[in-house]
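Residue strings, one per chain:
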Amino acid sequence: MKPMGTIPADFAGAPLVIAGRSAEEWVDVAGDTPLFVYDFAAVARRVARFRAAFSGVDLHYAIKANPFAPLLAAMAPLVDGFDVASAGELARVTRLKRGHAISFAGPGKRRDEIEAAIRAGITINLESEGEAARAIAIGDVLGLVPRLAVRVNPEIELRGSGMRMGGRASPFGIDSDRAAALAREVIDSGAEWCGFHIFAGSQALDEQAIIETQAETLALAARLSEQVGVVPPLVNLGGGFGIPYFPGEVPLDIEAIGAALVERLGSLPAGLEGTRFAIELGRWLVGEAGVYLTRVVDRKQSRGETFIVTDGGMNHQLAASGNLGTVVRRNYPVAVATAPAHAPTEVASVVGPLCTPLDRLADHVGIPVAHPGDLIAVFMAGAYGLSASPAGFLGHPAPAEILAGAPDVPNAIFTSPKA
Ligand SMILES: *Cc1c(COP(=O)(O)O)cnc(C)c1O
């Protein structure tokens, strides 16, 4: 038997209850399996925790973690800003936030994307000198003043993060030793100077590493500010708060991170007096709030092993199959949603319907015995789930998506038009 990650506390009961309803009730709402259910109360609780721990710091949501439209609508009043990474993502949030509260990072912004960003009045986080020149030129042609920030590729690296972004050659941002010169060019061009964006890594579960990275990020921002000679209106400190997907991982103590940051912000160097600070989070806000539900279609034996075959798999939840940026495949938490208890009564592998051995949602895990008709829940499905999965692969219908517990949001249910 191989271990699995811990089922999030929000969903620890058995049989599984999500936002007050059983898994079968959610299937009825969706009309069919597979489906994603996002528990909005779980998201709101995390926002409240952030607010309590990081007083005075802006909270941005990096929407690529989960761009489901009803979720964005429900989050809009709770967060200070949205961070987008394409014109497609921008189109999803332009009606939800004022331009000033939206920023656009990401390499390879096309001319039409830069134009859309300038027209919408959002902040462009510049990824290169070439992009800066294009943005300034496009602003001139449009007769609009572009809002520009410089994304810095720092020498800092976020220790222990699942995805290191700083401290090396990178397609993201401008190397820190050229960032001040570019900021000056932006200011001299007459563009609106918006500040710095410094993102050092993702999926970190070590509070001490995050605290150190934030301190180094602040110091870097202060140095840059001095070199430029203009106080940056905003410094986006990145984020990188991770969540415990795998066995042995422990949730972050964000209160400790907040206490350290708030203390540092209380005694800022002169170059940053009057600067606002933002933290941008994706998975920490929404990852644990999502559950993927898929129906058991078959149960079979092969050479002494048991396979539970479900009607959805890596086509909807690629990350759980271990094929989205992990080196060693480990088990996400899963459960038999329809079983009266989570206690394991057999060892089985849960596999999806795709004709590839990669399509494995759980490998040799201890779970209650599941039969055709039962429902399997895959947890940690709220971030980098459907939108980060190859939904077209093998031609299965799209899954339903449901935002649970956000009464004021229209169209909180997306049901799949079946093929
Ligand atoms: C993806 C991304 C994020 C969000 O990362 P999470 O690990 O989901 O918190 C934040 N900032 C930038 C620049 C990103 O590209």
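For clarity, every value in this text was computed on a predicted model and none was experimentally measured.

1. Concerning the overall build of the protein
When helices and strands are counted, the protein shows ten helices and 22 strands. Reported as C-alpha extents along the three principal axes, the dimensions of the protein are approximately 70 × 45 × 40 Å. In the protein, buried positions account for 55% of the 419 residues. Here the analysis covers contacts within the protein between residues at least 6 apart in sequence; of these, 72% occur between residues at least 24 apart. Roughly 16700 Å² of accessible area belongs to the protein as shown, and the carbon and sulfur atoms make up 55% of that amount. Each charge sign in the protein was given a centre, from 35 positive and 45 negative side chains, and these centres are 3 Å apart.

2. Here we look at helix 8 (residues 207-228)
For helix 8, spanning 22 residues, the distance from its first C-alpha to its last is 31 Å, which sits close to the expected 32 Å at 1.5 Å a residue. In this structure D206 caps helix 8, since a side-chain oxygen of it lies 2.9 Å from the backbone nitrogen of Q208.

3. Observations concerning the site of the ligand
Around the ligand sit A62, K64, R151, H197, F199, S202, E280, L281, G282, R283 and Y384, and that is every residue in its neighbourhood. In isolation the ligand has 390 Å² of accessible area, and contact with the protein removes 90% of it. Grouping the constituent residues of the shell around the ligand by class yields four nonpolar, three polar and four charged.

4. A word on the side chain of T310
When you line up the elements, T310 lands in strand 16 (residues 305-310). Looking at T310, its side chain comes within polar contact range of the main-chain oxygen of G312, at 2.8 Å. Those residues in contact with T310 that lie beyond four places of it in its chain are T294, R295, V296, V297, V350, V351, G352, P353, L361 and I376.

So, how was this worked out
Throughout, a residue's number is its position along its own chain's written sequence, starting from 1. Two thresholds apply to this predicted model, a pLDDT of at least 70 for residue-level local features and 80 or more for giving and counting side-chain atom pairs, whereas whole-chain, interface and lining totals are computed over all residues. Water and hydrogen atoms were dropped before computing side-chain values, which therefore reflect all heavy atoms in the structure. A run of DSSP states H or I qualifies as a helix once it reaches four residues; a run of E qualifies as a strand once it reaches two. Both are numbered from the N-terminal end. Summary of the burial criterion: residues with accessible area below 20% of their type's maximum are buried, those above 50% are exposed, and those between are partly exposed, where the area comes from a 1.4 Å probe applied to protein chains only. For this analysis, residues touch if any pair of their heavy atoms sits within 4.5 Å. We get accessible surface area from the Shrake-Rupley algorithm with a probe of 1.4 Å; when it comes to residues, only the shown protein chains can shield them. All tallies of charge rest on Lys and Arg as positive and Asp and Glu as negative; His and the ends of each chain are not included. Working definition for charges: the position is that of NZ of Lys, CZ of Arg, CG of Asp or CD of Glu. Each residue after the first adds 1.5 Å to the expected span of a helix. Side-chain atoms alone can form a polar contact between residues adjacent in sequence; in general such a contact is a pair of N or O atoms within 3.5 Å, and within protein one must be able to donate a hydrogen while the other accepts it. Whether a residue is near a molecule or strand depends on its heavy atoms: if one lies within 4 Å, it is near. For this classification, Asp, Glu, Lys and Arg are treated as charged, while Ala, Val, Leu, Ile, Met, Phe, Trp, Tyr, Cys and Pro are nonpolar and the rest, including Gly, are polar.

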